[in-house]
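Secondary and tertiary structure notes
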Amino acid sequence: MNILICGGAGYIGSHMAKMLAAHGHEVTVFDNLSTGHLEAVKWGTFVQGDLLNREDLQKLFHSNNFDSVMHFSAKSLVGESMANPGLYYSNNVAGTINLLNSMIEYGVDKFVFSSSAATFGTPVTEFIDETHPQVPINPYGETKLMVEKILRDFDQANGLSSVSLRYFNAAGADPEGEIGESHNPESHLIPNVLKSVLVNNAKLKVFGDDYETKDGTCVRDYIHINDLCTAHLQAIEYMSANKGAAGFNLGNGTGFSIFEIIKAAEKVAGKTIPYDVEKRRAGDPPLLVANSGLIKKTFGWTPQFASIDSIIETAWRWHKDQKF
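These figures come from a predicted structure and were not determined experimentally. (Residues numbered from 1 in each chain as written. Predicted model: local features only at pLDDT ≥ 70, side-chain atom pairs only at ≥ 80, totals over all residues. Heavy atoms only, no water.)

Focus on the packing of aromatic side chains
Counted according to the given criterion, the structure contains seven aromatic pairs. Among the aromatic residues, those joined into a cluster by ring pairs are Phe 61, Phe 66 and Tyr 106. A cation sits over an aromatic face here: Arg 280 above Tyr 211, 4.0 Å from the ring centre. (Phe/Tyr/Trp six-rings, centres within 6.5 Å; stacked < 30°, edge-to-face > 60°. Lys NZ or Arg CZ within 6 Å of the ring centre and 35° of its normal.)

Remarks on the sheet that holds strand β4 (residues 68–71)
The sheet built from seven strands is open, its strands ordered β3-β2-β1-β4-β5-β6-β10 with parallel pairing. Each edge of the open sheet is held by one strand with a lone partner, namely β3 (45–48) and β10 (245–250). Averaged over all pairs of adjacent strands, the angle between strand axes in this sheet comes to 20°, irrespective of strand direction. Alignment of strand β1 (residues 2–6) against strand β2 (residues 26–31), held across five bridges, turns out to be parallel. Among the inter-strand pairings, Ile 3 is bridged to a residue of β2, identified as Val 27. Contacts from helix α1 (residues 11–22) reach β1, β2, β4 and β6 (161–167), with the element oriented near 170° to β1. (Pairing = 2+ DSSP bridges. Helix = DSSP H or I, 4+ residues; strand = E, 2+ residues; numbered from the N terminus. Axes fitted to C-alpha atoms, helices over the stretch in contact; angles between N-to-C directions. Contact = heavy atoms within 4.5 Å.)

Thoughts on the environment of Met 70
One can find Met 70 in strand β4. Here Met 70 falls in the buried class, since its relative accessible area comes to 0%. Between the C-alpha atom of Met 70 and that of Leu 233, which follows or precedes it by 163 residues, the distance is 10.0 Å. Setting aside anything within four residues of it in sequence, one finds Met 70 in contact with Ile 3, Leu 4, Ile 5, Cys 6, Met 16, Leu 20, Val 112, His 232, Leu 233 and Ile 236. (Buried < 20%, exposed > 50% of the residue type's maximum accessible area, 1.4 Å probe, protein only.)

What about the pattern of salt bridges?
Evaluation of the coordinates by the stated rule reveals 11 salt bridges. Here Lys 18 and Asp 174 are joined by a salt bridge, their closest N and O atoms 2.9 Å apart. Of the two residues, Lys 18 is situated in helix α1 and Asp 174 in the loop between β7 (169–171) and α6 (189–198); the sequence distance between them amounts to 156 residues. By the burial criterion, Lys 18 is buried, and Asp 174 matches it. With a shortest N-O distance of 3.1 Å, Lys 203 and Asp 276 are connected by a salt bridge. Taken as a pair, Lys 203 in the loop between α6 and β8 (204–207) and Asp 276 in strand β12 (residues 275–278) lie far apart in primary sequence, 73 residues in all. Overall, the relative accessible area of 35% leaves Asp 276 in the partly exposed class. Each of Lys 18, Asp 174, Glu 176 and Glu 178 takes part in a single network of salt bridges with overlapping partners. (Salt bridge = Lys/Arg side-chain N within 4 Å of Asp/Glu carboxyl O.)

What follows is the structure in structure tokens.
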């Protein structure tokens with residue numbers, strides 16, 4: 001198939017491009033490079049452009065015949081969304097509407113959306129399944145939920161099939177070491193933990209140790225990047241046989257606290273990781289752990305990197321060879 005990856009120069013998108021190419025698909029990467037990295041585009045054809053520029057989208061779709069679209073282009077910093085919500089609604093919602101309108105205009109009817117566990121807000125159950133209330137507590141989560149609702153409307157009005165995958169915490173790196181996780185600024189825990197070992201004066205900051213969790217720090221569910229990408233491949237297959245707008249939670253189903261991640265990283269790196277505890281960040285729920293039973297049953301999806309040590313090990317292998 002000919003697949004468009006919006007945001008394909010970013011962390012998840014670049015790993016997705018590699019997996020799609022390995023499975024024989026034709027790949028086009030569309031990215032404005034605001035946060036992505038051109039050097040990460042090693043598979044497929046690269047087109048620079050912006051979802052907020054309708055002319056860019058017209059040129060893209062006019063020059064290609066796509067079978068499906070995967071959408072990873074989003075602003076994703078919770079704190080930034082709290083401080084600048086207009087940026088998030090413009091980029092994450094208006095940009096997506098532009099993309100969907102172009103798909104309808106050019107007859108592309110399969111869409112995989114990078115959603116988020118942030119749509120659920122503060123959990124009311126220990127494990128979050130698809131029936132859990134979606135009540136976001138930050139603008140980032142609101143934008144993801146708005147797009148999920150928009151996709152249901154596009155299905156009803158235009159017959160657009162979609163799968164929204166609500167990630168918990170994507171983590172790790174390409175097991176072959178070709179690409180990994182790199183953001184500027186880096187906001188994700190595992191790369192920051194590892195960089196605190198590799199970069200001088202990069203002491204780790206732990207935001208809050210007074211949550212009502214097992215050790216006072218936030219608990220999160222971490223899913224390896226390759227397992228996440230495999231679910232996207234299976235989503236394309238699912239839409240070939242199933243019409244409509246569907247949504248699935250995507251995580252390992254095990255929660256790890258920040259202190260547990262630090263201990264696991266110390267084991268993998270063989271070094272002590274110093275840290276400072278700072279006050280909580282606004283918009284951070286104490287606990288986010290997936291119940292991924294539905295996607296396992298529906299797709300036959302099974303994570304290959306089930307332990308936190310195996311996830312961190314792939315990230316460490318990539319990070320220690322980088323120049324920061």
